[in-house]
Amino acid sequence: MDKFLIKRKHPVDSEPINADSSKRSRVDSEINLADLPSDPGMRIRILDYNPNIRDEVRRSYLLKGPCQPRNHQFPYTLFGRKQRRFNAASFDEYPSWLEYSVNEDAAYCLCCYLFKANVGAQAGGDSFVGKGFKNWSRKEKLRVRVGSVNSAHNQAWSNCVALLSNKQHIENVIIKHSEQSKIDYKIRLNASIDCVRFLLRQGLAFRGHDEGETSKNRGNFMELLQFLADHNESIEAVAFKNAPENLKLTSPDIQKDIVNAAATETTKLIVNDLGNDFFSVLVDESRDVSIKEQMSVVVRYVDTKGRVIERFLGIEHVPSTTSISLKSALHDLFSRHGLSISNLRGQGYDGASNMQGELGGLKTLILNENSSAYYVHCFAHQLQLTLVAVAKKHLKIASLFLLLTNVVNVVGGSCKRRDRLREQQAAKVIKALDVGEISSGRGLNQETSLVRAGDTRWGSHYGTMVSLILLFPSIIDVLEMIEEDGLTQEQKCEALQISTSLQSFDFVFSLHLMKTLLGITNELSQALQRKEQDIVNAMNLVGLCKKQLQTLRDSGWDSMLNQATLFCEKHDIDVCNMDDMFLLPGRSRRKAPRMSNLHHYRVELFYAVIDLQLMELGNRFSETTTELLLCMSCLSPSKSFLAFDKSKLVRLAQFYPNDYSEMEIMILDDQLETYILDMRTSSDFSNLNGIGDLAQKMVETKRDQVFPLVYLLIKLAFTLPVATATVERSFSAMHIVKNRLRNRMGDQWMNDNLVTYIEKDVLAEVKNEDIIDVFQKMKTRRGQC
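Just so it is clear, the model here is predicted, and its values are computed rather than measured. (Residues numbered from 1 in each chain as written. Predicted model: local features only at pLDDT ≥ 70, side-chain atom pairs only at ≥ 80, totals over all residues. Heavy atoms only, no water.)

> Hey, could you go over the sheet that holds strand β9 (residues 374–375) for me, with residue numbers and the actual values?
Pairing is mixed in the open sheet, where 5 strands are placed in the order β7-β6-β5-β8-β9. Taken across any chain shown, the strands that pair with only one partner, and hence form the sheet edges, are β7 (308–317) and β9. Of the strand pairs in this sheet, strand β6 (residues 293–302) and β7 are connected by 9 bridges, and their pairing is antiparallel. Directly across from Val297, in β7, lies its bridge partner Gly314. Set on the sheet, helix α14 (residues 362–369) makes contact with β8 (344–348) and β9; between it and β8 the angle comes to about 170 degrees. (Pairing = 2+ DSSP bridges. Helix = DSSP H or I, 4+ residues; strand = E, 2+ residues; numbered from the N terminus. Contact = heavy atoms within 4.5 Å. Axes fitted to C-alpha atoms, helices over the stretch in contact; angles between N-to-C directions.)

Put into structure tokens, the structure is as follows:
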């Protein structure tokens, strides 16, 4: 790639480049037009690009437009005795060239950056190109910057217009197209766009192994275009052999350009629908099939009809998954689309430490910049992450889950072993019925199997432990059968090791401890999994779970020890004496820590695991998040607005100081009285089920204009994310689009395919004329298309 770039040595008297070494090394190693930094303060000089690709870089920046984060909270700077800052109204005065760098807090000129003559101060200096303009007390400098008709700025702007104008290209000057040629070209291009649309909607591959004219399968794009030509005379008359050799519009580069144009217009519609309103962001990471870490970004907002919308914004390759790297990638994505972190009102991630860590996670970095961007942990992963993943931080519990997995794999490894397990369990049930240990009846003593645990299933670990306790003697019998009748020595040895581990007090105590912990939160898990989540009940269950765990820690030791002891006595397992010295397996007595069995099981295991759960529940459901969600639930219109509580709704508004001033909160207090009276007496709002119905009905009846402060509360509550299902679906789409046979897809190519595949309903609203317009600005005629 070095042939595309040249390294220039700057003159001694020239200004230093405002770019760090990491940016330079990235540009020097690889050029990807989609990865060009949007923030003007992070760019390198345009003259540092190789002349062969310089116009492509310029055209890319012009298509993106100037970086204008209109809703950013611009910081103040002291000038004399007054605090001043950049005024976003300047974007409206100079919409075509004025840029602002969030990173540098400085203003820049896009056209001068792209075409400024390299003659130092004679062309207007370097303040709007290299260093940036920061003197907010001298706004007239912007007007002076434009200058007269022949100024350096206007000459640069003329060059920008000429670069994007097809009529200015030398090919169009030399070649005089006839009207019929233009019509044929448009038919050909529309046919290619229609083929691209179909393939994007279906998530199909474009190219084939052999696209030659003699090939029996030329790939999906060529075959589909041929099909269109065979069934449409107007397309057949201008396509393939009937098209000029250099204007067939079928080459892989043309296909990628059309896809990129379609993705650009799709994203543009999403951003335009969002407008300058606030939104929340949902982020997650996953590996693609080529083992590259990808970060998926989804925005959540309320549209003009009062509907909550979640849209896929894009996917970013992140070489490093540190929180700082993720924050930088997110900032760059926002800059490309003209979004600002200051407009965030919510964050939704899973439980990874680089995402939701209290000290250095992505959540904390964004909260430091915008305190109104409240974080809500994804409800869909709450139990699995809180109770299982966190518990695995303890070595004993990690060993327990590993052993559970081995038991399921070995005992359920064949049909013969499963049948033997059922037979053993049925025989034990019949024997228990004969001696009167259990009673018979309709629905009782149903056949039970060993449940396989899964990291993404809420009740699976709990079900595995319950079934293992019920089937324990039958499982031991099956393992003994494998010890005697195993096909290989390895199978016999594995069965012996598992059987020995299961019949130990250490395993029994850990099993009953985790079964009890998972059982305490079973109702909470079910509540949070429901499609229509009841926030009030869910928050109450969180409080109950915390109380139960604390009660178990304070006074549950004796019952837990008694439960494990009775199980051991029932199944002839040796129970250790709590007063004896604890011996750590694999350690010599001289090096082992000196403690009693009571101290080990009670302090090192029982207390330690419960403390982990309490700490994690506190982090996931903090007091702020819990109060925020409970206040939000007071907006529910169910049962004639039974949950309405004016004091809590006023408190909800106080959580957003950037949206509600002190005066507006006082007005809201009075407005809520009129609002609730209107809602309860109006027939239009009598049969609403949720906040979603309420928002849409308010827009429909124009109550959003009558009660603007109340409607703003509803929008803020709607924006707050409670699940990352949309992000998970984007990863499912990623594995469809970039599969094993397409594992060499580039990042930009994959992103364009994903945006159009996931947001296919938005793509359907994009007109072919818009795609053609972007396509022609992006790339002029290619040779051998």
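> Which residues make up helix α28 (residues 646–654), and what are the values?
For α28, the full list of buried residues reads Leu649, Val650, Leu652 and Ala653. What you see down the axis of α28 is that its buried residues fit within an arc of 150 degrees, all on one side. Of the surrounding secondary structure, the elements contacted by the buried residues of α28 are α26 (623–633), α29 (662–681) and α32 (708–719). (Buried < 20%, exposed > 50% of the residue type's maximum accessible area, 1.4 Å probe, protein only. Arc of directions from axis to C-beta.)

> Could you give me a rundown of the pattern of salt bridges, with the residues and numbers involved?
In total, this model carries 28 salt bridges according to the counting rule given. Note that Asp761 and Arg311 form a salt bridge whose closest N and O atoms lie 3.0 Å from each other. Of this pair, Asp761 sits in helix α35 (residues 760–763) while Arg311 sits in strand β7; the two residues are 450 residues apart in sequence, bridging distant segments of the chain. For Lys777, the salt bridge identified is with Asp773, shortest N-O distance 3.6 Å. With Lys777 and Asp773 both in helix α36 (residues 768–778) and 4 residues apart, the pair spans about one turn of that helix. (Salt bridge = Lys/Arg side-chain N within 4 Å of Asp/Glu carboxyl O.)

> Please set out the packing of α29 against α32 residue by residue, giving values where relevant.
A pair of packed helices is captured by two measures, namely the crossing angle of their axes and the spacing between those axes. Interaxial distance between α29 and α32 falls to 8 Å at its minimum, and their mutual angle equals 95 degrees. Taken as axis vectors, α29 and α32 run roughly perpendicular relative to one another. Facing α29, whose interface residues are Glu664, Ile667, Leu668, Gln671, Leu672 and Tyr675, α32 presents Pro708, Leu709, Val710, Leu713 and Ile714. Within the contact of α29 with α32, the residues separate by chemical class into 9 nonpolar, 1 polar and 1 charged. (Parallel < 35°, antiparallel > 145°, perpendicular 65-115°, else oblique. Nonpolar A, V, L, I, M, F, W, Y, C, P; charged D, E, K, R; others polar.)

> Explain the pairing of β6 to me, and be specific about the residues and the numbers.
Burial runs high along β6: 9 of the 10 residues are buried. A loop of 5 residues connects strand β5 (residues 279–287) with β6, the two strands running antiparallel in sequence, and Ile291 in this loop sits at a positive phi of about 60 degrees. Counted along the chain from β6 to the antiparallel partner β7, the turn is 5 residues long, and its residue Gly306 has a positive phi close to 85 degrees.

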